[in-house]
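Chain and residue survey
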Amino acid sequence: MNAPILHSRRHLLRTALNGFGYAAFAGLSTQTTLAAGRQPHFPARAKRVIMIFMQGGVSHVDTFDHKPKLTADAGKPFGSKGTSKLMGSMWKTAQHGQSGHWVSELYPHVAKHADQLCMLHAMHTDQQAHETAVPFFHTGIASQARPSTGAWSVYGLGSETEDLPGYIAMNSLNSFGGNNHGSAFLPAACQATMVSPGSSNDAPGKLPVPDLMPAHLSSAQQRAQLDLLRKINQRRLSIDEVNPELEGVIASYEMAFRMQSAVPSLLDVSKESAETRQLYGIGQSPTDGFGRQCLFARKFAEAGVRYIEIGTSGWDHHYDIKNLLPASCAATDKPIAGLLTDLRQRGLLDDTLVIFGTEFGRTPSAQSDGRDHNNRAFTIWMAGGGVKPGYRHGESDDYGAEGVDGKVHIHDLHATMLHLLGLDHERLTYRYSGRDFRLTDVKGKVVKEILA
C-alpha cells in the first residue's frame with residue numbers, strides 16, 4: 001500500500017481554493033468571456049451609449065428650460081418664508097428648428113441640432129449634494145459601492161470589439177465616491193478603462209492610457225512573455241480542466257497587448273483632417289480639451305466600444321454665474337455639436353444613444369450672485385439611439401423649481417437607457433451576497449413616451 005501523499009498548507013490552499021491569486025483572477029475576465037452567450041432581451045434600438053456628464057449641476061433655467069415668468073417676476077420673494085428672491089435668466093432664449101425647442105443663446109451650436117434632441121424637462125433625483133448625487137446618477141445608489149451604468153451595460157452585452165475595452169471613461173470623478181466608473185461586485189472587466197484626452201500642449205508621445213506601454217520591454221519581448229504566461233496558465237488549466245476565470249485572464253493579457261497598437265493609432269489627432277479638428281474645436285480655445293473628448297468618443301463608438309463617458313466639471317455655479325456659466329457653455333457647445341454632426345454624417349447616430357446629463361439642476365432663486373442646488377427639477381436631453389427626435393417630455397413649474405408633469409426619476413432614466421440597449425432592467429441581475437442586484441434596485445420604469 002502506498003504511503004499517503006502529504007501536502008503543504010500552501011499546496012492545500014492552492015488546490016482546494018484555486019489559490020488566493022485566482023481570487024484576483026476571477027475579477028479579470030475579459031470582454032470575450034463576458035460576451036459569451038450574452039444576447040439582448042429584445043431587439044435593441046441602440047448599440048452603444050455616449051454619456052456626456054456635466055458635473056456640478058447645469059442651470060436648466062439658463063440653458064434648455066425656458067421660463068419667461070421667472071424673468072418677469074425677478075426680484076420677488078420666493079419660498080415658504082420668502083427669504084430668497086427670484087433671479088431671472090440673464091440670457092436670451094429662442095425656439096429652434098421645426099421642433100421649436102427653446103435653447104439659450106449660450107448654446108448656439110447645439111441649438112442647430114434642436115430637431116435631433118429629445119428633451120426631458122422634469123428630471124428629479126433623491127440627492128441634493130454632489131457627493132451623493134454624482135454616484136446616484138452613475139450607479140443608482142448614493143451610499144454604497146455598486147456597479148456603474150457602463151459596467152451593467154458591458155455585463156449585459158459584452159463588447160463589440162476584442163481590441164478595446166467595452167467601457168471607456170474620460171472624465172475622472174474620483175472625488176465623488178470613487179466608484180462612478182467601477183464594477184463593484186460585477187467582474188472587474190466591466191469597469192471603465194480611463195483614457196486621458198490630452199491637449200494640444202502635451203509633449204509628443206504622451207500616452208492616452210496610463211501604463212499601457214511598458215518602457216522596459218520591446219514588442220517582441222512582450223510577445224515572448226505573453227506566450228510564456230499562456231503556456232503556464234494553460235498548464236494550470238489542464239489540471240483544473242475548467243476554469244473560466246483563468247481563461248479570461250489569459251485573454252485579458254492578449255487584449256492589453258492588442259490595445260498597445262490600437263489605442264495610440266486610434267487617438268492620434270494629427271491623423272484627422274483640418275475640417276474634423278475644426279468641427280470639434282480642437283486646437284482652439286476654450287474648446288480644445290473637451291473637443292478631444294468628443295472626437296475620441298466618436299472614434300471609440302465607431303470602433304465598437306459599448307459605453308463611453310465624457311464630460312467636464314465646474315458647473316457648480318453658486319456665485320458669479322454671469323461669467324462662469326458662459327465659460328462652461330463656451331467650452332462645450334461647439335464640441336457637442338461637432339459630435340452630433342459627425343455621428344450623423346457617418347451614419348452612427350441612429351444606433352448611438354447620446355445623453356447630456358448632470359446630477360441635478362439649479363434653483364430659480366438667487367444665492368448671492370449664483371444659484372443653489374435643485375434636485376426637484378432639471379433638464380437632460382438625449383439624441384439618436386431610438387429616442388424621438390425633436391420631442392419634449394415633461395414640464396417643470398413656471399419657475400423651474402419642481403416638475404409638474406411627466407416627471408422622470410434617475411431610476412427611470414437608467415431603465416430607459418437599458419431598454420434602448422435591448423436590456424430589461426428587471427431581468428438584468430447579478431447574484432451577490434445572497435441577493436439578486438440590479439441597476440434600478442426595486443424601482444424604475446421605462447419612459448415609453450420618448451421611444452421612437
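See the structure shown above.
Presented here is a report on the structure given in the accompanying data block. Here the structure is a predicted model, which means the values were calculated and not measured.

Considerations on the pairing of strand β9 (residues 307-312)
- Among the 6 residues of β9, 5 are classified as buried, and the element is accordingly described as predominantly covered.
- Two elements, strand β1 (residues 48-54) and β9, share 6 bridges in a ladder whose sense is parallel. In the strand pairing of β9, F53 is matched with G311.

Looking at the packing of aromatic side chains
- All told, the structure shown has 14 aromatic pairs when counted by the stated rule.
- Seen in terms of ring centroids, F64 and Y107 are 5.3 Å apart; in terms of plane orientation they differ by 25°. Their pairing is stacked. Taken together, the positions of F64 in the loop between β1 and α4 (68-72) and Y107 in the loop between β5 (101-104) and α5 (108-111) put the pair 43 residues apart, joining distant regions of the chain.
- Looking at Y107, the relative accessible area reads 0%, which means it is buried.
- Between Y155 and Y430 the ring centres are 5.4 Å apart and the planes differ by 75°, which places this aromatic pair in the edge-to-face class. Within this pair, whereas Y155 is found in helix α7 (residues 149-157), its partner Y430 is found in strand β18 (residues 430-432), the two being separated by 275 residues in sequence.

Some details on helix α6 (residues 130-139)
- Among the 10 residues that make up α6, 8 are buried, leaving the element largely enclosed by the rest of the structure.
- One or two positions beyond α6, positive phi appears at G140, with a value near 85°.

Quick word on the packing of α6 against helix α13 (residues 410-420)
- In contact at an axis separation of 9 Å, α6 and α13 are set at 30° when each is read in the N-to-C sense. Of the possible angle classes, the one that applies to α6 and α13 is roughly parallel. Counting all contacts with α6, which are made through F136, F137 and T139, the residues of α13 involved are I410, H411, L413 and H414.

Concerning the nonpolar core
- Core analysis: the largest hydrophobic core is formed by 49 residues, its most contacted members being L120, M123, L353, I355, M382 and I450.
- Elements with a minimum of two residues in this core: β1, β6 (117-124), α6, α7, β7 (167-169), β10 (352-357), β13 (378-383) and α13.
- With 6 residues, α13 is the largest single contributor of residues to this core.
- If we skip the residues at most four places from it in the chain, I450 touches C118, L120, M382, G386, V387, K388, Y391, H393 and T416.
- Counting 48 residues, the second largest nonpolar core, distinct from the first, contains V103, Y107, V195 and Y280.

Calculation notes
- Residues numbered from 1 in each chain as written.
- Predicted model: local features only at pLDDT ≥ 70, side-chain atom pairs only at ≥ 80, totals over all residues.
- Heavy atoms only, no water.
- Buried < 20%, exposed > 50% of the residue type's maximum accessible area, 1.4 Å probe, protein only.
- Helix = DSSP H or I, 4+ residues; strand = E, 2+ residues; numbered from the N terminus.
- Pairing = 2+ DSSP bridges.
- Phe/Tyr/Trp six-rings, centres within 6.5 Å; stacked < 30°, edge-to-face > 60°.
- Axes fitted to C-alpha atoms, helices over the stretch in contact; angles between N-to-C directions.
- Parallel < 35°, antiparallel > 145°, perpendicular 65-115°, else oblique.
- Contact = heavy atoms within 4.5 Å.
- Core = buried A, V, L, I, M, F, W, Y, C linked by side-chain atoms within 4.5 Å.

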